[in-house]
Amino acid sequence: MKIILTAVSPNIDAQTDPRFGRCAYLLVVDTETMHWEAHANPGLTASGGAGIEAAQFAANQHVKVALSGDFGPHAYNALQAGGIAMYRYGNCTTVPQAIEQFKNNQLEQIGVPSRGDCDDGHHGQSS
Amino acid sequence: MIITIASGKGGTGKTTIATSLALSLAAELNTPPLFLDCDVEAPNAHLFLQPVFTQEKQVGIMIPEIDEERCSYCGKCAEVCQYHAIAVLGKKTLVFPQLCHGCGSCTAQCPEHVIVEVQNSIGMLESGIARAGLSFARGVLNVGEPMGVPIIRQLKKWADSLPGQVVIRDSPPGTSCPVVETVRGSDYIVLVTEPTPFGLHDLRLAAQLTEELGIRAGVVINRVNGPYPELEMFCAERNLSILLRIPFERTIAEGTARGKSLLDIHPDFCQQLFSIFTNIAK
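**So, the side chain of Gln165(B)**
All names here are of chain B.
And then number 1: By the element assignment, Gln165 lies in the loop between helix H5 (149-158) and strand S8 (167-170).
And then number 2: Take Gln165: its relative accessible area is 4%, and that puts it in the buried class.
And then number 3: Within the structure, Gln165 has its side chain in polar contact with the backbone nitrogen of Leu162 (distance 2.9 Å).
And then number 4: Setting aside its immediate chain neighbours within four residues, Gln165 contacts Met1, Thr31, Pro32, Pro33, Leu34 and Ser135.

Here it is, written out as C-alpha cells:
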C-alpha cells in the first residue's frame, strides 16, 4: 500500500514532522516493497492553504493513507475528499516506528479534524 | 486632496488624529471633508463622529463554482490558483471560499469552461452624514472573514467625494495588504507614533512603506512626555517633518475614552490640526 508521511529530513530513517501542511518533507512509501521517495513539501512556503497544497500533492501521488502528527481542517477536508485515510503519529518519533505501528494497526485513525471548527486555516501548525 | 492617517503600531492614536483633523477641516473649510474608516476589521471612528447611516451596500468577491458533472478533473484550476483555494482530488474538485481572492484565474484557464463565478459576501459598506456635516463612509468586514482588502478597495470606489472635497482616510494598523490598499492613491500620509522604542520600531516600517509607494509623509507624535532623541533623529534622517506633538495628558485620555475629539478637549487643537492641512496642501 502506498502511504505518505511527514518528516523533518528527506530519508527513510527520519524523525517524524508533527505538522502536515507545514512539514519539511513528504515521504511516499510503498509498505509492501518499502520502496520510498522523499519530496520537499510544496506547501511549506505557501502564505496560506499549505495543508491544501500538501493534500493535493498526496492525491497526485495516488497514496491511500497519510500519517502525520496533526491535520488542519483544510487538509482534513481535502484528504477526505480525495479518499485518503488519515492516521496520527501519537507517540512515534521516527518514520520507521510510525510505519511499523501503522502496519500493526496501532495508530489512531482520524475521523474529525484535529483543531477547532473555524475555517480560517493555519490550524495544522504545531502549537 | 486625499490624506491618509496610518501608524505601523496599533493604538498610537490614528483614529483620534483622523477624526480630530476631519473636524478641524469641517470647522475651517466651506465643504466638510469626506471621512473614510478603512479599518474594516475593527472600524471605530463612528464612536467619535456619530454618523447617521443612510446607505449601505453588500460587498462580496466572485468565487468559482464548478459544474461537477462536466468537470474532467484535469486539475488546471488547482494548478493556476496562487492561493490554494481549489484542490482536485481524484473525482472531486473542492473550493475553499475563504482562501479565494476572486482573481478569476481558474475560470479563465478551465479548458472545459465548467467554472462559473458566484458572489460570496464578505462584508458591507455604509455611508451617511456625521458630526459637523462630515460625509462619512466605512467598510465592515464580516466576523471570521480573513480578507479586508476587497472591502477597502470597494469602499474607496463607492464613497464618492464632491469636487474639491478633502478626503481623510483612517487606516488599519500595521504595514500589510489592508494598509497598502488604504494608503494607495493618497496625496499625503500622516504617520502617528508615540515616543517609545515600540512606536519608533513600527514607525520605521511604516516610513519604509510610504517611501516604497512614493507618497509624501509627516509624523504626529502622540503622548509626548519628555524628549526621545532617537525618534527626532530618525525623522530628521528620513526627511519626515514633525507635524504636531500631543502631550501625554490625563484630560486627553479621559476625553478620548468618552468619545470626545481633541477639539472638544482642547479647542486650541483646531487651529493646530488645520495648520497640518494647510502645510500639506502648500
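**Observations concerning unusual backbone geometry**
Glycine aside, negative phi is the norm for most residues, and most peptide bonds take the trans geometry.
Residue and element names in this part refer to chain B.
And then number 1: Positive phi is not limited to glycine here, since Tyr73 has a value of about 60°.
And then number 2: Along the polypeptide, Tyr73 turns up in the loop between strand S3 (52-66) and helix H3 (76-80).
And then number 3: You will see that Ala132, though not glycine, has its phi angle at about 60°, which is positive.
And then number 4: Position of Ala132 among the secondary structure elements: in the loop between strand S6 (115-129) and strand S7 (135-141).

**Details of the nonpolar core**
And then number 1: The biggest cluster of nonpolar side chains holds 46 residues, and the ones touching the most others in it are Ile4(A), Phe20(A), Leu79(A) and Leu36(B).
And then number 2: A total of 6 residues in this core trace back to one element, the largest contributor, which is helix H1 (residues 50-60) of chain A.
And then number 3: Structurally, this core is a two-domain feature, drawing no fewer than three residues from each of domain 1 (2-59 + 124-281) and domain 2 (68-113) of chain B.
And then number 4: Counting 36 residues, the second largest nonpolar core, distinct from the first, contains Ala18(B), Leu21(B), Ala22(B) and Phe274(B).

**Considering the interface of chain A and chain B**
And then number 1: With 15 residues of chain A in contact, the opposing surface of chain B contributes 12 residues.
And then number 2: Between chain A and chain B, a total of about 1,100 Å² is buried, with carbon and sulfur atoms accounting for 68% of that surface.
And then number 3: In this assembly, chain A and chain B are joined by 0 salt bridges.
And then number 4: For the interface between chain A and chain B, the tally reads 3 residue pairs in polar contact (both at pLDDT 80 or more).
And then number 5: Mapped by element, the contributors of at least two residues to the side of chain A that touches chain B are H1 and helix H2 (73-81) of chain A.

**Focus on empty space enclosed by the protein**
Residues and elements named next belong to chain B.
And then number 1: Across all of its chains, the model carries 3 cavities of 30 Å³ or more by this definition.
And then number 2: Approximately 110 Å³ is the volume found for the second largest cavity.
And then number 3: Surrounding the second largest cavity, 18 residues form its lining, Cys81, Cys100, Cys103, Gly104 and Cys106 being those nearest its centre.
And then number 4: Mapped onto the lining of the second largest cavity, the elements with two or more residues apiece are S3, H3 and helix H4 (105-109).
And then number 5: Per-element tally for the lining of the second largest cavity: the top contributor is S3, with 3 residues.
And then number 6: A breakdown of the residues in the lining of the second largest cavity according to their chemical character gives 13 nonpolar, 4 polar and 1 charged.

Reading the values: the criteria
- Residues numbered from 1 in each chain as written.
- Chains lettered and ligands numbered in written order.
- Predicted model: local features only at pLDDT ≥ 70, side-chain atom pairs only at ≥ 80, totals over all residues.
- Heavy atoms only, no water.
- Helix = DSSP H or I, 4+ residues; strand = E, 2+ residues; numbered from the N terminus.
- Buried < 20%, exposed > 50% of the residue type's maximum accessible area, 1.4 Å probe, protein only.
- Polar contact = N/O pair within 3.5 Å; in protein donor to acceptor, adjacent residues only side chain to side chain.
- Contact = heavy atoms within 4.5 Å.
- Core = buried A, V, L, I, M, F, W, Y, C linked by side-chain atoms within 4.5 Å.
- Domains from an automatic or database assignment.
- Buried area = accessible area lost by both parts, 1.4 Å probe.
- Salt bridge = Lys/Arg side-chain N within 4 Å of Asp/Glu carboxyl O.
- 1 Å grid on protein atoms, 1.4 Å probe; cavity = no way out; pocket = protein on both sides within 12 Å on 5 of 7 lines; lining within 4 Å.
- Points joined across faces, edges and corners; volume = space filled by probe spheres on them.
- Nonpolar A, V, L, I, M, F, W, Y, C, P; charged D, E, K, R; others polar.

Interpretation in functional terms is not warranted from these geometric data alone.
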